[in-house]
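Examining the three-dimensional arrangement
For reference, the chains in residue letters:
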2 protein chains.
Amino acid sequence: MLKFEFKNPTKIRFGKGQIENLAKEIPAKSKIMMLYGGGSIKKNGIYEQIKNALKDFEVIEFGGIPANPEYEILMQALEIIKKENINYLLAVGGGSVIDGTKFLSAAALYSGDNPWDILKKNIRIDKGMPFGTVLTLPATGSEMNSGAVITRAETQEKFGMGGPGLFPEFSILDPQVVRSIPQRQLANGITDAYTHVLEQYMTFPTQAFLQDRFAESILQTLVEIAPRILKDPSDYEAASNFMWCCTMALNGLIQKGVPNDWATHMIGHELTALFGIDHARTLSIIGPNLYNYKFEDKKEKLAQYAERVWNIKDGSIDEKAHEAIKKTEDFFHSLGIKTKLSEYTNDYEGTAEIISNRFTERGWLGLGERRNIKPSDVEEIVKMSY
Amino acid sequence: MLKFEFKNPTKIRFGKGQIENLAKEIPAKSKIMMLYGGGSIKKNGIYEQIKNALKDFEVIEFGGIPANPEYEILMQALEIIKKENINYLLAVGGGSVIDGTKFLSAAALYSGDNPWDILKKNIRIDKGMPFGTVLTLPATGSEMNSGAVITRAETQEKFGMGGPGLFPEFSILDPQVVRSIPQRQLANGITDAYTHVLEQYMTFPTQAFLQDRFAESILQTLVEIAPRILKDPSDYEAASNFMWCCTMALNGLIQKGVPNDWATHMIGHELTALFGIDHARTLSIIGPNLYNYKFEDKKEKLAQYAERVWNIKDGSIDEKAHEAIKKTEDFFHSLGIKTKLSEYTNDYEGTAEIISNRFTERGWLGLGERRNIKPSDVEEIVKMSY
């Protein structure tokens, strides 16, 4: 087990009707900016529940935060936050709204001249404007971690940011929200959470037996509930497990004491930036090919995953490991997720070189848990994904 | 899955050499009381490491906190805390020292006349004096939760206490401490953590699939590492898993969203109060008998546990459940732990009636996850344990 530090101070309120308790979590007399996305909360009743819970607060709304939250739009919100002396932020949405709110939390208290530096220089944020979340789309785990990914549309780039000051003070997780989520988003959420776990698990063994089993627990549970959720998103028990799995997949717990990969995410982000492919789908395009490409580095864990998650008991380590990659792809397919770049765009020729060049330009010369995935390897992996 | 709230703000520093970082976690110019137990830390080098790390602070020591921390002794420490204007507490030890420190954290800021009321009236503590811990004996999980158990020797009673103000600010977990722990304490630690998990797991199913699997993960890992630890406590990897399992067994995570039992602890506490039997051993005396007595209530989970932790795939639910209880006892025996009260004392006759009467006097009329274990049931369970 590797040396680690772990702290996660976010308070979770989980279960039916928890939105009612929203006002208890926000300091009295706060002036709140409520941030949300495309307006689905106005159709599914969540908007009304929140407005009702916050009736004793002054609330300014900022809707329209898109998937892959854009810097330019967030800067409009920042202007209002400053002009109106907002002192509490409330994200109502999925990972994009929450990530956008984290950027604003950081930018609102940023002492430098240009908030763009937070992203460009990846400045660690030790203190942000306090904020909470009401999760409406389980997937990214942003509701219980301190990281965010922000897009700059004009340059087709995605930037990671974060710091210990960016944990939500609270997050409200009511699994009833799942019933109104479209199938496409449900499949994305399951795929995203599943890949988050793989990024922290499919590395090399370090005798972190407990972390391995926790990771496998999340994978097993996602595999178990996926068909139930897709068949009937109003299945409250399946939705509860789906929601809690997504949170636990990226709240730091399974990440600590083990090597982490994240190369699939870093390559996948480029596919979103270039083609607008849903984040989760980019992970399903890259992940299995990355495992095939780095097979020798990962085969021990792949074989363990084969045994424990997919119940594959027979065969050599290599056979089990190969079978596990196939099972992973099959799982994504079972969710209706396509796993080849050419199934998303006809314009894929040259993508491998573009991404590889970008990584070279940025000086990203060694990705993955062994820091041995060079830009030339990225090129090969993306080509395998065509 | 049941509705729940979860928040755990304790920062963990885990791994080899983390004691060196102690000073980084305590505010500069704090006046510290360092609390410890019988002095084993002076033999195993931990005392020196800590004194070295704290050389820039003013530190007053208070040693001699016994197993099952006693109110009378803690009151002596409280007097010094007040006289010396201590403003930070550091527990260096296992569950007893940490629990004692939690009582002091609460008592130091208590505004009432008599700190005894904190225990007698079980007053919820929202704010305590800040404290951290250096864990030297993995077992109770007190290093990452907000509860404590305090003994009053003169009345042979144990009292629970706690509240959101009693989480340690930080806990340092260096698995190297395990190498100097005597076999008896290692066996106790494994048994204590194992039973903590069972108290939160061996109830009735609520489709909390992820929590079930997390609980099983801890059990599986304890079963896996127990022989390694007992054979060689300086096996760092086994010690790491042992230590992290103990913490995760009682930091709130597997407790949330599921029914909780805790009757084994409540009955076991009385055996410690009456006979001075090690806490963990009282759990091994009571637990398996309680499962036999409440077999119908628990057999579904017992059978799931049989399958997943003990790999018992054949037989009916009842057969698997019975076999699981036997496997649990066998596991305790494999640690050198005796599971009958008569193996600890010759003076056991009448114990069942004494405990049952105490529960009646205290108004504890319904224990367990269904609140259906009455004092008369407690009497039967204790008799089965003779």
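Criteria and thresholds
- Residues numbered from 1 in each chain as written.
- Chains lettered and ligands numbered in written order.
- Predicted model: local features only at pLDDT ≥ 70, side-chain atom pairs only at ≥ 80, totals over all residues.
- Helix = DSSP H or I, 4+ residues; strand = E, 2+ residues; numbered from the N terminus.
- Rg over C-alpha atoms; globule rule 2.2 N^0.38 Å.
- Buried ≥ 20, exposed ≤ 12 C-beta atoms within 10 Å, placed from the backbone.
- Least-squares fit on C-alpha atoms with pLDDT ≥ 70 in both.
- Contact = placed C-beta atoms within 7 Å.
- Pairing = 2+ DSSP bridges.
- Axes fitted to C-alpha atoms, helices over the stretch in contact; angles between N-to-C directions.
- Domains from an automatic or database assignment.
- Nonpolar A, V, L, I, M, F, W, Y, C, P; charged D, E, K, R; others polar.

What follows covers the overall build of chain A. Helix and strand counts for chain A stand at 14 helices and 8 strands. Its C-alpha radius of gyration of 20 Å places chain A within 12% of the 21 Å reference for a compact globule of 386 residues. On the principal axes, the C-alpha backbone points of chain A span a range of 65 × 45 × 45 Å. Relative to its full complement of 386 residues, chain A shows a buried share of 55%.

With an axial shift of 0.0 Å and an RMSD of 0.0 Å, the rotation relating chain A to chain B amounts to 180°. The transformation relating the two chain copies, once decomposed into turn and shift, fits a two-fold axis. Residue Pro9(A) of chain A places its C-alpha closer to the rotation axis than any other residue of that unit, at 2.1 Å. The share of interface residues of chain A whose copies in chain B are also at the interface is 100%, consistent with both copies meeting through the same surface.

In this section: the sheet that holds strand β4 (residues 88-93) of chain B. Strand order in the open sheet made by the 12 strands is β3(A)-β2(A)-β4(A)-β5(A)-β8(A)-β1(A)-β1(B)-β8(B)-β5(B)-β4(B)-β2(B)-β3(B), with mixed pairing throughout. Where the open sheet ends on each side, the last strands, each with one partner, are β3 (58-62) of chain A together with β3 (58-62) of chain B. Neighbour-to-neighbour, the strand axes of this sheet turn through a mean angle of 25°, independent of strand direction. Relative to strand β5 (residues 131-135) of chain A, strand β4 (residues 88-93) of chain A runs parallel, the two sharing 5 bridges. When the bridges of β5(A) are listed, Leu89(A) appears paired with Phe131(A).

The next subject is the pairing of strand β8 (residues 170-173) of chain B. Residue and element names in this part refer to chain B. Side-chain alternation along β8 places Phe170 and Ile172 on one buried face and Ser171 and Leu173 on a second face that is also buried. Here 4 bridges tie strand β1 (residues 4-14) to β8, and the two strands are oriented parallel to one another. By the bridge assignment for β8, Lys11 is matched with Phe170. In this structure, strand β5 (residues 131-135) lies alongside β8, joined through 3 bridges in parallel fashion.

Looking now at the interface of chain A and chain B. At the interface, 31 residues of chain A touch 31 residues of chain B. Among the elements that make up the side of chain A that touches chain B, the one with the highest residue count is helix α7 (residues 209-231) of chain A (10 residues). Note: strand β1 (residues 4-14) of chain A against β1(B), 7 bridges, orientation antiparallel. Looking across to β1(B), one finds that Glu5(A) is bridged to Arg13(B).

Taken domain by domain, chain A comprises domain 1 (11-176) and domain 2 (182-384). When the residues that make up the side of domain 1 of chain A that touches domain 2 of chain A are grouped by side-chain class, the tally is 7 nonpolar, 7 polar and 3 charged.

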